[in-house]
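Secondary and tertiary structure notes
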Amino acid sequence: MESIKDARSIISKSHYLAALTGAGISAGSGIPAFRGRGGLWQVYDPALARIDVFRDNPHLVWDMTRELIALIEGSEPNPAHRALAEMERGGVLKGLVTQNIDNLHQRAGSRSIIELHGTIGNLRCLTCNTVFNSADFKIMDEDPLCPHCSAVLKPGMVFFGEALPFGALMEARLLAGTADAMLIIGTSAVVNPAAELPVVAKGNRAKIIEINIEPTGLTNSITDVFIRGRAEEVLPDLLGTMPPHG
Ligand code: NAD
Ligand code: ZN
């Protein structure tokens, strides 16, 4: 495919490659994106994924969150996650920003990950603001309580109406502003501020490579190379055909 060749050429000339991933990279692991037919919103009601609803009725939100966690825990990283981890190990990929909360990049072996929308791996107390590791609680059996103040702990993903983690946002902007090439994978790029990261990168003259099963708002505006296809097929292909870096 011509676009794979073009992408390979950009990557091999790059000095600072970054990546931005969205729900589409985990579709191949059996975790559906939120929107559209068969979407996660049919399981995970957006009206409930709100911070005010959690404050009023944490139990209701936890029941729904457990379903989401069961789905995620029953899934495995796919070849797209593994290809990015391999690119990082090889020194090609310098950093990865994800909007996903599913921990699959970590499980695939990536280390330099900025989680913009939080993660199911954490819990946070809205009363004393302490962050805990989900693995230290029996979250599938009971609503976790803060050991300091007994409040019900909030799942670590960012809810509607909640601020994004400030440090992650700053790191993501810095990465986007430093990159000379950026891979945008499986995101419709409509949710801000994630959607502005490719624009920041482009403003810094980065080349934009986009991988998606369908065009997005970026495709005809700032994307330099659009590769139409499934991330779990395109990324291993791209990695497999890449010449030695440098
Ligand atoms: P999104 O912007 O993440 O949309 C998904 C995109 O992926 C679409 O553009 C779609 O065309 C593309 N896509 C679908 N399957 C693909 C594949 N196999 N390969 C490549 N591209 C593919 O929007 P959303 O799904 O509505 O999500 C909104 C927010 O919720 C984001 O923060 C998202 O990351 C998060 N979310 C996370 C998870 C997860 O952690 N796995 C799942 C659902 C949603
Ligand atoms: Zn507390």
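Here the residue index of a chain counts from 1 through its sequence in written order. Both sets of labels track the order of writing: A upward for chains, 1 upward for ligands. Selection of residues for local features in this predicted model requires a pLDDT of at least 70, selection of side-chain atom pairs for listing and counting requires 80 or more, and totals for whole chains, interfaces and linings are taken over all residues. No hydrogens and no water enter the side-chain calculation; it runs on all heavy atoms of the structure.

Pairing is parallel across the open sheet formed by six strands, whose spatial order is β3-β2-β1-β7-β8-β9. Taken across any chain shown, the strands that pair with only one partner, and hence form the sheet edges, are β3 (113-115) and β9 (225-228). The average undirected angle you get between the axes of adjacent strands in this sheet is 15°. Paired strands, in this sense, are two strands between which DSSP finds at least two bridges. Only DSSP runs of H or I covering at least 4 residues are called helices, and only runs of E covering at least 2 are called strands; the numbering of each starts at the N terminus. Strand direction decides the pairing type here: strand β1 (residues 17-21) and strand β7 (residues 181-185), joined by five bridges, are parallel. From the neighbouring strand, A18 faces β7, where its bridge partner is M182. Where helix α4 (residues 79-89) meets the sheet, its contacts fall on β1, β2 (93-98) and β7, and the angle it forms with β2 comes to roughly 145°. Axes here refer to lines fitted to C-alpha atoms; in helices the fit is confined to the stretch in contact. Angles between the N-to-C directions go from 0 to 180 degrees. Every residue pair with non-hydrogen atoms within 4.5 Å of one another is taken to be in contact.

Let's shift gears to the coordination of the zinc ion (ligand 2). Six octahedrally arranged donors around a metal ideally form angles of 90 or 180 degrees; four tetrahedrally arranged donors ideally form angles of 109.5 degrees. Coordinating donors are taken to be N, O and S atoms lying within 2.8 Å of the metal, or within 3.2 Å when the metal is Na, K or Ca; because water is excluded from the atom set, some sites may appear incomplete. Within the protein, the zinc ion (ligand 2) binds to C125 (SG), C128 (SG), C146 (SG) and C149 (SG); these donor distances fall in the range 2.2 to 2.3 Å. Coordination at the zinc ion (ligand 2) comes from four donor atoms whose angles at the metal span 101 to 121°, giving a geometry best classed as tetrahedral. Working rule for geometry: tetrahedral if four donors all subtend angles between 85 and 135 degrees; square planar for four, octahedral for six, if opposite donors exceed 155 degrees and the others stay between 65 and 115; irregular in every other situation.

Turning our attention to the sheet that holds strand β4 (residues 118-124). Strand-to-strand pairing in sheets goes through backbone hydrogen bonds, with the strands running parallel or antiparallel. Overall, antiparallel pairing links the three strands, which are arranged β5-β4-β6 in an open sheet. Strands at the two margins of the open sheet, each flanked by one partner only, are β5 (131-133) and β6 (154-157). Across the sheet, the mean angle from the axis of one strand to that of its neighbour is 50°, orientation sign disregarded. Alignment of β4 against β5, held across three bridges, turns out to be antiparallel. The residue bridging N122 from the neighbouring strand is N133, located in β5.

Attention now moves to α4. Whether a residue is buried, partly exposed or exposed follows from its accessible area with a 1.4 Å probe, protein chains only, as a fraction of its type maximum: under 20%, in between, or over 50%, in that order. Residues of α4 that are buried: A80, H81, A83, L84, A85, M87 and E88. For α4, the secondary structure elements touched by its buried residues are α1 (2-13), β1, β2, α5 (104-108), β7 and α8 (231-240). Two N or O atoms form a polar contact when they lie within 3.5 Å of each other; inside protein one atom must be a possible hydrogen donor and the other a possible acceptor, and for residues adjacent in sequence the pair counts only when both atoms belong to side chains. Residue N78 occupies the N-cap position of α4, its side-chain oxygen lying 2.7 Å from the main-chain nitrogen of A80. One or two residues past the end of α4 sits G91, with phi positive at roughly 85°.

Among the five residues of β1, five are classified as buried, and the element is accordingly described as predominantly covered. Covered by surrounding structure in β1 are L17, A19 and T21 together with A18 and L20, the residues of both alternating faces. Sheet topology note: the β1/β2 ladder contains five bridges and is parallel. From the neighbouring strand, A18 faces β2, where its bridge partner is G95.

A separate point is the nonpolar core. Only buried Ala, Val, Leu, Ile, Met, Phe, Trp, Tyr and Cys residues count toward a nonpolar core, and they belong to the same one when joined by side-chain atoms within 4.5 Å. Core analysis: the largest hydrophobic core is formed by 26 residues, its most contacted members being L84, L183 and L235. Of all elements in the fold, only α1, β1, α4, β2, β7, β8 (207-212), β9 and α8 reach the threshold of two or more residues within this core. Once residues within four sequence positions are removed from consideration, L235 is found in contact with I25, A80, A83, L84, I185 and I211. If you look at the next biggest cluster of nonpolar residues, it comprises 23 residues, including L48, F54, L68 and I69.

With an omega of 5°, the peptide bond running from N192 to P193 counts as cis. By the secondary structure assignment, P193 is in the loop between β7 and α7 (197-203). Even without being glycine, S150 reaches a positive phi, approximately 65°. When you line up the elements, S150 lands in the loop between β5 and β6. One non-glycine residue, R205, lies in the positive phi region at around 70°. Owing to a relative accessible area of 76%, R205 belongs among the exposed residues under this scheme.

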